[in-house]
Amino acid sequence: MAAAQRRSPLLVGISTALVLLWVVVAAFPFLWTLWGSFKVQADFFSLADWRNAWTGTFTTEQTGAAFTGQGYEGAWIQEEFWRAALNTMIVVVSVVVISLTLGTLGGYALARSGFRYTFWLLMIALVFRAMPHITLVSGYLLPFFEWNVWGHLPTAIIVLVAINQPFTLWMLHSFFLNIPKDLDESAMVDGCTRFQAFRHVIVPVMWPGVITTGLFSFLLAYNDFAVTAMLLSQQNQTMIPKIASFLGSTQQEGNVMFAVAAVVSATAPLFVLILFFQRQIVSGLTSGAVKG
Amino acid sequence: MKHRTFFWFILPSLSAMILFIALPVGSVFIQSLHVEHEQVLRVVENCGPFGCAEETIVDREATAELRENQPLGRFAGVSNYLDRNHLAVAELRSMWERSDSFADFARRAMTLPFWRALAFTLTFTFVVTPLVIVLGLAIALGVNSLPRLFRGPTIFVSLLPMIVTPLIGSLILFWMVDSRGVLGSSLQILMGDPDLSLKASPVLTWIMLMVYGVWSSAPFAFIVFYAGLQTVPEEPMEAAMIDGASRWQRVRYVVIPHLMPLAVFITLMQLMDNFRVFEPIVGFQAQANATSLSYNIYNYLRGDAAQFGAAATTSMLTIFGIVVLLTPVLIRTWRDFNRKRT
């Protein structure tokens, strides 16, 4: 744009400084924690001097090298964090697959039906979406205790799928609205039933929207604390409640470093996710906005 | 689409929502009308060498049996809603009578768990939401004037605080602002106060939690605004420039009106998400100075003696709050929908 050349240097300076400041604020905590996770507690929480975390004085003293994997070893092997990681994987994959299956069918129906109840269903879904998860959890606990289903992975999976539905429906609904109606209607004129039209005409073209929605389902399941912390028993815990339980026993020397290492380990998959799917995440965040 | 086909398509999704969202709300409502059984007391006569004495003891077996048979507890009507842990009507009235000024009354009311949590939740929601919008817009405008080469990496870095698990994000910040952490000790040096601890003072704790809230939500507003900026129409921009509008005037009269619908969308999402603030309080271990409605529910449910009645009552009040918060949006959407149909 022509305006770019005529902008005053002062304004460019200020806006660049602001962006630079934001980048530091956004990234520094992660870099710092990643760096610190390879130190001992006395360095990460430097009682004497914060520069210790940089130079690793105590780490060198205690382990003989400037970096140590003690935190990771303690978390993954001693505290069996791998079990939690495995549980997280099971939960997340199941939640994404199931909620996308239900969500595409429902979202497609909502996008193609113009009746008044469609609107009400969407509005109810919006209210459900706004409901804090912990309020629902307080409704689950007692019945789940009574039916003896508390603590198992399938229970948490099915609950997360249900909690995820309102969001999935909204997102896929607005995505299917963008696929022209003529496509499936012409298939139906040719003699397909509604489901055949969906199966053979819509399914092949829906993948971009499904992948974007899937990413957000993944994030919801992966980031959940309220449901997994309250509904899973000790040995079925996923990563996030496991990290919270590390914090309970901070008194022991070195235990905080286990938590730091676990936190870095749990952030790594998210980092990779952004690396590969940045474009889809951005488009997903904005697709809801465009529809209003 | 025919009603019948629609029904079969939506059935799986709808039944999941009815079973695990609508029914639990019903179950929460029923629970909120019950309280835990009191311990069963029994009077026994103890006869020793010095005569007999009556003694009241707890009948453990009978208590356990009663709790086993009626896990809901005993019916209590609306008393849960009015008790000290929730609306605390009686306590508020007596406080109002005893306190000499409004500030005094507010200070006393902050000792009641529900009002304390509500105060923090509302403050958090209504401070963080506008700050997120302003900061997001500022960053979006800044990034938009960067050379194209730098935009991708900036967006990548910005997504981190938003996408990271809330509990993890708050822990990462918490370890840094700890009085032994890098930011905490730097602040101590800057302020010249070696005992400064962000955890000790309620005001600083509230500020810390809100800074976390802005840090983790600003990227969302930034991304949405940034995408909106890409679609600002060229013609009004050029027309404004030809008319001699300064850069600020162009932002104020062309760009911001264009972004208004997006701001409404962000406000809606932020209100919903900030109202359920919960994980940061666990992560920052701030429960001594700040509790939210969601945290209260979590606290009632935790531990060996879960108070289902109290948790359910707080949940009902929270849901009521959400509905009040969303009503304006729902009405507006209803009007839009009707306009589109006709």
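Reading the values: rules and limits
Residues numbered from 1 in each chain as written. Chains lettered and ligands numbered in written order. Predicted model: local features only at pLDDT ≥ 70, side-chain atom pairs only at ≥ 80, totals over all residues. Helix = DSSP H or I, 4+ residues; strand = E, 2+ residues; numbered from the N terminus. Rg over C-alpha atoms; globule rule 2.2 N^0.38 Å. Buried ≥ 20, exposed ≤ 12 C-beta atoms within 10 Å, placed from the backbone. Contact = placed C-beta atoms within 7 Å. Domains from an automatic or database assignment. Pairing = 2+ DSSP bridges. Expected span 1.5 Å × (residues − 1). Core = buried A, V, L, I, M, F, W, Y, C linked by C-beta atoms within 7 Å. Nonpolar A, V, L, I, M, F, W, Y, C, P; charged D, E, K, R; others polar. Axes fitted to C-alpha atoms, helices over the stretch in contact; angles between N-to-C directions. Parallel < 35°, antiparallel > 145°, perpendicular 65-115°, else oblique. Left-handed = near helix turned anticlockwise from the far one by under 90°. pLDDT = per-residue confidence, 0-100.

### Quick word on the overall build of chain B
Per the secondary structure count, chain B includes 15 helices and four strands. Scaling as 2.2 N^0.38, a compact globule of 342 residues should have a C-alpha radius of gyration of about 20 Å, whereas chain B reaches 27 Å, well beyond that. Taken over the C-alpha atoms alone, chain B extends approximately 110 × 70 × 45 Å along its principal axes. Looking at chain B residue by residue over its 342 residues, the buried ones come to 38%. Contacts spanning at least 24 positions in sequence make up 67% of the contacts within chain B whose residues lie at least 6 apart.

### So, the overall build of chain A
Counting its regular elements, chain A contains 15 helices and zero strands. The C-alpha radius of gyration of chain A comes to 24 Å, more than 25% above the 19 Å expected for a compact globule of 292 residues. For chain A, the spread of C-alpha atoms along the three principal axes comes to 80 × 70 × 30 Å. Across the 292 residues in chain A, those meeting the buried criterion constitute 46%. Once local pairs closer than 6 in sequence are excluded, the contacts in chain A between residues at least 24 apart make up 71%.

### Quick word on the domain arrangement of chain B
On domain assignment, one finds that chain B holds domain 1 (39-74), domain 2 (77-111) and domain 3 (113-294). Between the C-alpha centres of domain 1 of chain B and domain 2 of chain B there is a distance of 35 Å.

### Notes on unusual backbone geometry
Backbone geometry places A:Asn148, a non-glycine residue, at a positive phi of 60°. Examined against the element boundaries, A:Asn148 turns out to sit in the loop between helix 8 (133-147) and helix 9 (153-177). Classification of A:Asn148 by C-beta neighbours within 10 Å gives exposed; the count is 8. Despite not being glycine, B:Ala88 has its phi angle at roughly 50°, a positive value. Residue classification places B:Ala88 among the buried positions, given that 20 C-beta atoms sit within 10 Å.

### Section: the pairing of strand 3 (residues 51-58) of chain B
Residues and elements named next belong to chain B. Strand 3 sits mainly on the outside: zero of its eight residues count as buried. Pairing geometry for strand 2 (residues 41-48) and strand 3, over eight bridges, is antiparallel. Looking at the pairing, Leu-41 lines up with Val-58 of strand 3. The turn joining strand 2 and strand 3, which pair antiparallel and follow one another in sequence, is formed by two residues.

### Thoughts on helix 8 (residues 166-177) of chain B
Residue and element names in this part refer to chain B. Over its twelve residues, helix 8 extends 16 Å from the first C-alpha to the last, a length consistent with the 16 Å expected when each residue adds 1.5 Å. Judged by how many residues are buried, helix 8 sits mostly within the fold: eleven of twelve residues are covered. Within helix 8, the full set of buried residues consists of Pro-166, Leu-167, Ile-168, Gly-169, Ser-170, Leu-171, Ile-172, Leu-173, Phe-174, Trp-175 and Val-177.

### Regarding the nonpolar core
Side chains of nonpolar character tend, in soluble globular proteins, to be buried together. Among the nonpolar cores identified, the biggest contains 162 residues, and A:Val137, A:Leu160, A:Ala262, A:Val263 and B:Ala221 are the most heavily contacted of them. Setting aside chain neighbours within four positions, we find B:Ala221 in contact with B:Val132, B:Ile133, B:Gly136, B:Leu137 and B:Ile266.

### Things to note about the interface of chain A and chain B
Of the residues lining the interface, 79 residues belong to chain A; the matching set on chain B comes to 83 residues. A breakdown of the residues in the side of chain A that touches chain B according to their chemical character gives 58 nonpolar, 17 polar and four charged.

### Section: the domain arrangement of chain A
Residues and elements named next belong to chain A. Here the domain parsing of chain A yields domain 1 (2-73) and domain 2 (79-291). For domain 1 versus domain 2, the separation of C-alpha centres amounts to 32 Å. On the side of domain 2, ten residues touch domain 1, which itself brings eleven residues to the contact. Elements that contribute at least two residues to the side of domain 1 that touches domain 2 include exactly helix 1 (9-36), helix 2 (41-44) and helix 5 (70-78). Per-class residue counts for the side of domain 1 that touches domain 2 are five nonpolar, six polar and no charged.

### Points about the packing of helix 6 (residues 81-112) of chain A against helix 1 (residues 3-32) of chain B
Each pair of packed helices gets described by two things: the angle between the helix axes and the distance between those axes. It is at 8 Å that the axes of helix 6 of chain A and helix 1 of chain B come closest, and there the two elements cross at 130°. In terms of orientation, helix 6 of chain A lies oblique with respect to helix 1 of chain B. Remark: the crossing between helix 6 of chain A and helix 1 of chain B carries left-handed chirality. For the pair helix 6 of chain A and helix 1 of chain B, contact is made by A:Leu102, A:Gly103, A:Leu105, A:Gly106, A:Tyr108 and A:Ala109 and by B:Phe6, B:Phe9, B:Ile10, B:Pro12, B:Ser13, B:Leu14 and B:Ala16, respectively. Classifying every residue of the contact of helix 6 of chain A with helix 1 of chain B by side-chain character gives ten nonpolar, three polar and no charged.

### Let's talk about the confidence of the model for chain B
In low-pLDDT segments, the atomic positions of the prediction should not be examined closely. In this model, chain B carries a mean pLDDT of 86, and residues with pLDDT of at least 70 account for 99%. Confidence estimates for the predicted assembly give a pTM of 0.88 and an ipTM of 0.88.

### Digging into the environment of B:Leu82
Residue and element names in this part refer to chain B. Tracing the backbone through its elements, the reader meets Leu-82 in helix 3 (residues 79-82). Its 14 C-beta neighbours within 10 Å are what place Leu-82 among the partly exposed residues. Ignoring any residue separated from it by four or fewer positions in sequence, one finds Leu-82 in contact with Leu-87 and Val-89.

### So, the environment of A:Val97
Looking at the secondary structure, you find A:Val97 in helix 6. Each C-alpha atom, one on A:Val97 and one on A:Ile157, is 11 Å from the other, the two residues being 60 residues apart in sequence.

### What about the packing of helix 6 (residues 113-144) of chain B against helix 10 (residues 202-230) of chain B?
All names here are of chain B. Direction vectors running N to C along helix 6 and helix 10 enclose 40°, while the axes themselves pass 6 Å from each other. Considering the angle they form, helix 6 stands oblique to helix 10. Crossing geometry of helix 6 relative to helix 10 is assigned as right-handed.

### What about the environment of A:Thr57?
Residues and elements named next belong to chain A. Of note, Thr-57 is situated in helix 4 (residues 57-63). With 18 residues separating them in the primary sequence, Thr-57 and Lys-39 have C-alpha atoms 9.4 Å apart. In this structure, Thr-57 is in contact with Asp-43 and Asn-52, ignoring residues within four places of it in sequence.

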